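# Notes for the structure review
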Amino acid sequence: MDIAALSTAMQMSQLQSDVGVAVLDNSLELIEDLGQGMIKMMEASVNPDLGQNIDICI
C-alpha cells in the first residue's frame, strides 16, 4: 500500500470517528434535557394540589 492511500484511509477513519463522537454528544445532550423534563414532571406530580387551596379563618 502506498503512502497516499494509507494517508487517505487514515483520514477517512478519523472523519468517521469524529462524526460518531459528534452524534453521541448530541444524543447525550438530548437525553440530559429529557431527563431534566422528567424530573420536573415527577416533582410536580408529588404535590399536585400544592397552592390550589387557601385555608383562612376570620
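We now turn to the structure provided with this report. (Residues numbered from 1 in each chain as written. Predicted model: local features only at pLDDT ≥ 70, side-chain atom pairs only at ≥ 80, totals over all residues. Heavy atoms only, no water.)

Nonpolar side chains collect at one region of the surface, where Met12, Leu15, Val19 and Val23 lie side by side and expose about 370 Å² of accessible area between them. Within the fold, Met12 resides in helix H1 (residues 3–46). Under the relative-accessibility criterion, Met12 is labelled partly exposed at 47%. (Patch = residues over 30% accessible without salt bridge, like charges linked within 9 Å, V, L, I, M, F, W, Y side chains within 5 Å. Areas by Shrake-Rupley, 256 points an atom, 1.4 Å probe, with all protein chains shown as cover. Salt bridge = Lys/Arg side-chain N within 4 Å of Asp/Glu carboxyl O. Helix = DSSP H or I, 4+ residues; strand = E, 2+ residues; numbered from the N terminus. Buried < 20%, exposed > 50% of the residue type's maximum accessible area, 1.4 Å probe, protein only.)

Turning our attention to a negative patch on the surface. On the surface, a cluster of negative charge is made up of Asp25, Glu29, Glu32 and Asp33. With respect to the helices and strands, Glu29 occurs in helix H1. You can call Glu29 partly exposed: its relative accessible area is 41%. (Lys, Arg positive; Asp, Glu negative; His and termini not counted. Charge placed at Lys NZ, Arg CZ, Asp CG, Glu CD.)

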